[in-house]
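Listed below are the residues making up each chain.
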Amino acid sequence: MRPLISGGQCAVILALSFLGIGLLSAPSPVAAQVQYIVQPVAEMKVKQLPNGELFWQVESFPTLDEAKAAAPPYRWNSDTVSYDGLPSLTAEVAGKGWLFTLGPKGGATAGGTKVAEIGPVPPISAPEYLLRVNYGHGPPGAKTPIHTHPGSEAFYVVTGRLGQRTPQGVMNVEAGHSMNGHSAGMTMEVFSSGTAELTALIMFVVDATKPFSEPAKFE
């Protein structure tokens, strides 16, 4: 004959059973976190930057091949010991081809749709420069670690809303708008501040001889 279970023992067993179910169904802290994902999509290193105030010209094309074909010529001239043309990067993001040209204000490329002119880029001096475009995306609430860069980080928001926290406060940028970069070494945190998925194009001009990003904290 099986031993009988008292009413008190039964209550304890039921309570433990529900506790076990709750622990299994509750999301872990890691699973509950949302990620802001950053992917490099284009970059180049140069020894010199164009003269004068510089702006990022951001243009879209139906395809990546069209963006590449429209990119301005850019090559080293050993006679003048300088570059001819303007540096540019191309990438395919969100189903479009994109052309990012670093040059003077008011530039435009035939065949492209100009979506933003961002600048002036905060000046830096370095033995070598890294120009990079990242693709950042994440659901509402996703954010980066607090960090710095040895140069400037500018944004063009494709969808959603982007937030940026610095010691100067918090700024938000809606889809179809841009945000200029800060000077080198600015402490920042970037996050998805809207109610829809954030997708953003991020343009950098940094010192190529230093770590691209370093952890930081707000004082």
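Everything that follows concerns the structure shown earlier in this document.
The structure reproduced in this document is the subject of the present report. Small disclaimer: the values here were computed from a predicted structure and weren't measured.

### Some remarks on the overall build of the chain
Phase 1 of the analysis: Counting its regular elements, the chain contains three helices and 16 strands.
Phase 2 of the analysis: The 219 residues of the chain split such that 40% are buried.
Phase 3 of the analysis: For the chain, contacts bridging at least 24 residues in sequence account for 79% of all contacts bridging at least 6.
Phase 4 of the analysis: Carbon and sulfur atoms form 57% of the exposed surface of the chain, whose accessible area is close to 12,100 Å².

### Remarks on the pairing of strand 10 (residues 151–159)
Phase 1 of the analysis: Counting buried residues along strand 10, seven of its nine residues qualify, which places the element largely inside the surrounding structure.
Phase 2 of the analysis: By the bridge criterion, eight bridges tie strand 10 to strand 15 (residues 198–207) in an arrangement that is antiparallel. Its bridge partner lying in strand 15, F155 is registered against I202.
Phase 3 of the analysis: Here two bridges tie strand 10 to strand 13 (residues 178–179), and the two strands are oriented antiparallel to one another. Residue pairing in the sheet places F155 in a bridge with M179 of strand 13.

### Describing the environment of L130
Phase 1 of the analysis: Looking at where L130 falls in the secondary structure, it is placed in strand 8 (residues 129–138).
Phase 2 of the analysis: Given a relative accessible area of 7%, L130 falls into the buried group.
Phase 3 of the analysis: For the pair L130 and V205, spaced 75 residues apart in the sequence, the C-alpha separation amounts to 5.9 Å.

### Description of the packing of aromatic side chains
In this description, a pair of aromatic rings is defined by centroid distance and the angle of the planes.
Phase 1 of the analysis: Inspection of the entire model under this criterion finds four aromatic pairs.
Phase 2 of the analysis: Arranged with centres 4.7 Å apart and planes meeting at 10°, the rings of Y74 and Y83 form a pair that is stacked.
Phase 3 of the analysis: Residue classification places Y74 among the partly exposed positions, given a relative accessible area of 21%.
Phase 4 of the analysis: Of the residues examined, Y83 reaches a relative accessible area of 22% and is grouped as partly exposed.
Phase 5 of the analysis: Taking the centre distance of 6.2 Å and the plane angle of 55° together, the rings of W98 and Y156 count as tilted. Note that W98 is positioned in strand 6 (residues 96–103) and Y156 in strand 10, a separation of 58 residues in sequence.

### A look at the pairing of strand 12 (residues 169–174)
Phase 1 of the analysis: Bridging between strand 11 (residues 161–166) and strand 12 involves six bridges; their strand directions are antiparallel. Among the inter-strand pairings, T166 is bridged to a residue of strand 12, identified as G169.
Phase 2 of the analysis: Following strand 11, the chain reverses through two residues before pairing antiparallel with strand 12.

### Here's the deal with the pattern of salt bridges
Phase 1 of the analysis: What the rule picks out here adds up to four salt bridges.
Phase 2 of the analysis: The salt bridge partner of K114 is E117, with a shortest N-O separation of 3.3 Å.
Phase 3 of the analysis: A relative accessible area of 28% places E117 in the partly exposed class.
Phase 4 of the analysis: With its nearest N and O atoms 3.7 Å apart, the salt bridge here joins E174 to R161. Taken together, the residues E174 in strand 12 and R161 in strand 11 connect sequence positions 13 residues apart.
Phase 5 of the analysis: Judged by its relative accessible area of 41%, E174 is partly exposed.

### Topic: the nonpolar core
Phase 1 of the analysis: Grouped together as the largest cluster of nonpolar side chains are 21 residues, with contacts concentrated most on W56, F100, I118 and M203.
Phase 2 of the analysis: Of all the secondary-structure elements, those providing two or more residues to this core are strand 2 (55–61), strand 5 (88–93), strand 6, strand 7 (113–118), strand 8, strand 10 and strand 15.
Phase 3 of the analysis: The residues contacting W56, other than those within four sequence positions of it, are F100, T101, L102, A116, E117, I118, V121, L131, A154, M203, F204 and V205.
Phase 4 of the analysis: Counting 17 residues, the second largest nonpolar core, distinct from the first, contains Y36, M179, F204 and A208.

### Overview of the side chain of Q164
Phase 1 of the analysis: Examined against the element boundaries, Q164 turns out to sit in strand 11.
Phase 2 of the analysis: A polar side-chain atom of Q164 sits 3.2 Å from a polar atom in the side chain of H182.
Phase 3 of the analysis: Contact partners of Q164, with chain neighbours within four places excluded, come to F155, G169, V170, M171, M179, H182, M188, E189, V190 and F191.

Thresholds applied
Residues numbered from 1 in each chain as written. Predicted model: local features only at pLDDT ≥ 70, side-chain atom pairs only at ≥ 80, totals over all residues. Heavy atoms only, no water. Helix = DSSP H or I, 4+ residues; strand = E, 2+ residues; numbered from the N terminus. Buried < 20%, exposed > 50% of the residue type's maximum accessible area, 1.4 Å probe, protein only. Contact = heavy atoms within 4.5 Å. Areas by Shrake-Rupley, 256 points an atom, 1.4 Å probe, with all protein chains shown as cover. Pairing = 2+ DSSP bridges. Phe/Tyr/Trp six-rings, centres within 6.5 Å; stacked < 30°, edge-to-face > 60°. Salt bridge = Lys/Arg side-chain N within 4 Å of Asp/Glu carboxyl O. Core = buried A, V, L, I, M, F, W, Y, C linked by side-chain atoms within 4.5 Å. Polar contact = N/O pair within 3.5 Å; in protein donor to acceptor, adjacent residues only side chain to side chain.

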